[in-house]
Amino acid sequence: MASFVTKNVLNFFLLVSLFQISLAAGRLLSDVVADQPQLLKYHNGPLLSGKITVNLIWYGKFKPSERAIVSDFITSLTSTKPQSQNNQPSVAQWWETTEKYYHLTSKKSTLSLSLGKQILDEKYSLGKSLKNKQIVQLASKGDQKNAINVVLTASDVAVEGFCMSRCGSHGSALGSTAAGHIKGNKYSKFAYIWVGNSQTQCPGQCAWPFHQPIYGPQSPPLIAPNNNVGLDGMVINLASLIAGTVTNPFGNGYFQGPAEAPLEASSACPGIYAKGAYPGYAGNLLVDSTTGASYNAHGDNGRKYLLPALYDPATSSCSTLV
């Protein structure tokens, strides 16, 4: 591989993509990944399959309008509604890349996502400083059968490792009911995701490109499509993590590198949102003519979103909508 970028640039993309990756200097990020045939290896474990509901556990204070940004994103993933005019790129089109991972497995399984329950914990039942085990505790409040439980923490909640080494995480935990595709055990694993609102704690790390980065090349921040730096940043990280969750739910699906810090479907393509991306530049995005906001996908209820590139196993490259 070519020479490494500077330490600051590397630190910047570590935080943007949630996982560490070495980048080549002076070249498009997509070219770096394209150099390696079939970057992500399949480790023979199960992928999430069948009808899966996505339950949202809101920890701390979120306005109804903020919750709607995320819930509309979830329904947009597999929406059959017209999401845009003139065949503009959609969230559902972005999500279709994950289906290619299922085609590569011998089981030929399929996945259908839908929005499930929304659970509010506005009184900070576990306090405002959470450890990893408390994230799992919160995730356990959602249904543990045929579900992904997503914990979203408010901007005034500190979480172990948040901002220092990660913007969110996904994993699995033992539950009292089977997770749909794992049968025969009374206690089986269920998949969960955590994403933090970084607006006041570390927007330069976890809400880029909607905030000036603290590391790497400096460029003016983009205008967030939903006019909310914290929530639009959460959508970026949630999108990355949900792609990683369905294709590597239990640590033995599709990934490259060490299992404890893997490159997955989205984290293998850090900092890439459109064609022409390079360190510090998200790519040639669409721009709303009225608001000036940058985006690359249309969603339900007239939403616009910025979504990260996904690694396309069919082309061995990072795939973007625009």
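What you see is a predicted model, and the numbers here were worked out from it, not measured in a lab.

## Some details on the overall build of the protein
Alright, step 1. Across its full length, the protein carries 7 helices and 15 strands.
Alright, step 2. When burial is assessed residue by residue, the protein has 56% of its 322 residues classed as buried.
Alright, step 3. Considering only residue pairs separated by 6 or more positions, the protein has 71% of its internal contacts joining residues 24 or more positions apart.
Alright, step 4. About 13500 Å² of surface is accessible on the protein, with carbon and sulfur atoms providing 51% of the total.

## A word on the state of the cysteines
Alright, step 1. Applying the stated criterion across every chain yields a total of 3 disulfides.
Alright, step 2. With its sulfur 2.0 Å from that of its partner, Cys163 forms a disulfide with Cys202. One disulfide, between Cys163 and Cys202, carries an S-S torsion of -70° and so falls in the left-handed class. Of this pair, Cys163 sits in the loop between strand 6 (158–159) and strand 7 (168–175) while Cys202 sits in the loop between strand 8 (188–196) and helix 6 (203–206), and the two are 39 residues apart along the sequence.
Alright, step 3. Residue classification places Cys163 among the buried residues on the basis of a relative accessible area of 11%.
Alright, step 4. Disulfide pairing is shown between Cys167 and Cys206; the S-S distance is 2.1 Å. Every disulfide takes its handedness from the sign of the S-S torsion; for Cys167 and Cys206 that torsion is -80°, giving left-handed. Of this pair, Cys167 sits in the loop between strand 6 and strand 7 while Cys206 sits in helix 6, and the two are 39 residues apart along the sequence. Accessibility assignment for this pair places Cys167 and Cys206 in one class, buried.
Alright, step 5. Bonded cysteines in the protein are paired 1-3, 2-4, 5-6 when counted in the order they occur along the chain.

## A closer look at the packing of aromatic side chains
Alright, step 1. All chains considered together, the criterion is met by 10 aromatic pairs.
Alright, step 2. With a centroid separation of 4.8 Å and an interplanar angle of 65°, the aromatic rings of Trp58 and Phe62 are classed as edge-to-face. By the burial criterion, Trp58 is buried, and Phe62 matches it.
Alright, step 3. Against the face of Tyr124 rests Lys128, its NZ or CZ located 4.6 Å from the ring centre.
Alright, step 4. Its end group placed over the ring of Tyr295, Lys304 keeps NZ or CZ at 5.5 Å from the ring centre.

## As for the sheet that holds strand 8
Alright, step 1. On the basis of which strands lie adjacent, the open sheet formed by 5 strands has the order 3-2-5-8-7 and mixed pairing. What marks the edges here is a single partner per strand, and that holds for strand 3 (111–121) and strand 7. Recorded for the sheet is a direction-independent mean angle of 25° between the axes of neighbouring strands.
Alright, step 2. Bridging between strand 5 (residues 147–153) and strand 8 involves 6 bridges; their strand directions are parallel. In the sheet register, Thr153 faces strand 8, and the bridge partner there is Gly196.
Alright, step 3. Against the sheet, helix 7 (residues 229–247) contacts strand 2 (50–59), strand 3, strand 5, strand 7 and strand 8, and its axis sits at roughly 160° relative to strand 8.

What counts and what doesn't
Residues numbered from 1 in each chain as written. Predicted model: local features only at pLDDT ≥ 70, side-chain atom pairs only at ≥ 80, totals over all residues. Heavy atoms only, no water. Helix = DSSP H or I, 4+ residues; strand = E, 2+ residues; numbered from the N terminus. Buried < 20%, exposed > 50% of the residue type's maximum accessible area, 1.4 Å probe, protein only. Contact = heavy atoms within 4.5 Å. Areas by Shrake-Rupley, 256 points an atom, 1.4 Å probe, with all protein chains shown as cover. Disulfide = S-S within 2.5 Å. Phe/Tyr/Trp six-rings, centres within 6.5 Å; stacked < 30°, edge-to-face > 60°. Lys NZ or Arg CZ within 6 Å of the ring centre and 35° of its normal. Pairing = 2+ DSSP bridges. Axes fitted to C-alpha atoms, helices over the stretch in contact; angles between N-to-C directions.

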